[in-house]
Structures are given as C-alpha cells and as structure tokens.
Amino acid sequence: QVQLVDSGGGLVQAGGSLTLSCAANGRTFSTYTIAWFRQAPRKEREFVAAITWGGANTDYADSVKGRFTISRDNAKNTVALQMNSLKPEDTAVYYCAADAFGYSTLSDKFWEYHYWGQGTQVTVSS
C-alpha cells in the first residue's frame, strides 16, 4: 500500500552537507513511522534516524546525533534527512523505510519495517 522513493544522494567533501528525501505514496502515510537506514560495503545495515507520524518523537544513532536532522511534511508526503558535517564513515547507501507502528512508536530494527525505498548513494570524500 505504501510506495517509497528515496533520493538526494551524491558526492560531497568531508564537512559538507546533503539532504536526502523520501517521497511516499499511500493513504496511510501520515500515520506511519519513517526511518533511515544505511549500509556500506561489507557492513551490516545500520539504523540512522526515525520519526513518528506526528513528528513529535525522533531518534538518532549515536554516530549521527547532533549532525543529522530528520523531519517530515505530511501534507507533501515527504520525509527529509538533513546531513551536516559529513564524515567519510558516513559513506553508504541510504534507505528510507516505513511501517505503521503507532502515533508515538519508534523502531531502530530494520526487520520491523515492511516498506522500503530503493536506496540512494552517499559518498563523502576525505
């Protein structure tokens, strides 16, 4: 029922910024928790950030806290991930994910999400 398209990746220098976007198509998008995960070559998929449908609750991985900001615009059915002060270790394919957990429920477990974008590559040069 929910289709996700993530975009906005690219090549940036260390210390630079990028904004990723997740566009959703679905009647119940506004009630879904949205998260970002990333996966680097030969690495496990890791949690980055999540936001509840109301936007009141957010969660961030310790590695990105203070540098990344997740936000959503339910009227436009979009979620953004603003990434600042990028580091080479941020290089990965980034995926947005969604699921209907509830108004105030967050999850950092990728297997609990049932809808996924195709992924967008972020490369940070040293």
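An account of the accompanying structure is given in this report. (Residues numbered from 1 in each chain as written. Predicted model: local features only at pLDDT ≥ 70, side-chain atom pairs only at ≥ 80, totals over all residues. Heavy atoms only, no water.)

**Here we look at unusual backbone geometry**
Line of reasoning, step 1. For R42, which is not a glycine, the phi torsion comes out positive at approximately 65 degrees.
Line of reasoning, step 2. Here R42 is to be found in the loop between β4 (33–39) and β5 (46–51).
Line of reasoning, step 3. Under the relative-accessibility criterion, R42 is labelled exposed at 83%.
Line of reasoning, step 4. For N77, which is not glycine, the phi dihedral falls at a positive 55 degrees.
Line of reasoning, step 5. Looking at where N77 falls in the secondary structure, it is placed in the loop between β7 (68–73) and β8 (78–83). (Helix = DSSP H or I, 4+ residues; strand = E, 2+ residues; numbered from the N terminus. Buried < 20%, exposed > 50% of the residue type's maximum accessible area, 1.4 Å probe, protein only.)

**Section: the nonpolar core**
Line of reasoning, step 1. Of all hydrophobic cores here, the largest spans 34 residues; its most connected members are W36, V48, F68, I70, L81, M83 and Y94.
Line of reasoning, step 2. Where this core is concerned, the elements lending two or more residues are β3 (18–25), β4, β5, β7, β8, β9 (92–99) and β11 (120–125).
Line of reasoning, step 3. Setting aside chain neighbours within four positions, we find Y94 in contact with D6, L20, W36, F37, R38, V48, F68, L81, M83, G119, T120 and V122. (Core = buried A, V, L, I, M, F, W, Y, C linked by side-chain atoms within 4.5 Å. Contact = heavy atoms within 4.5 Å.)

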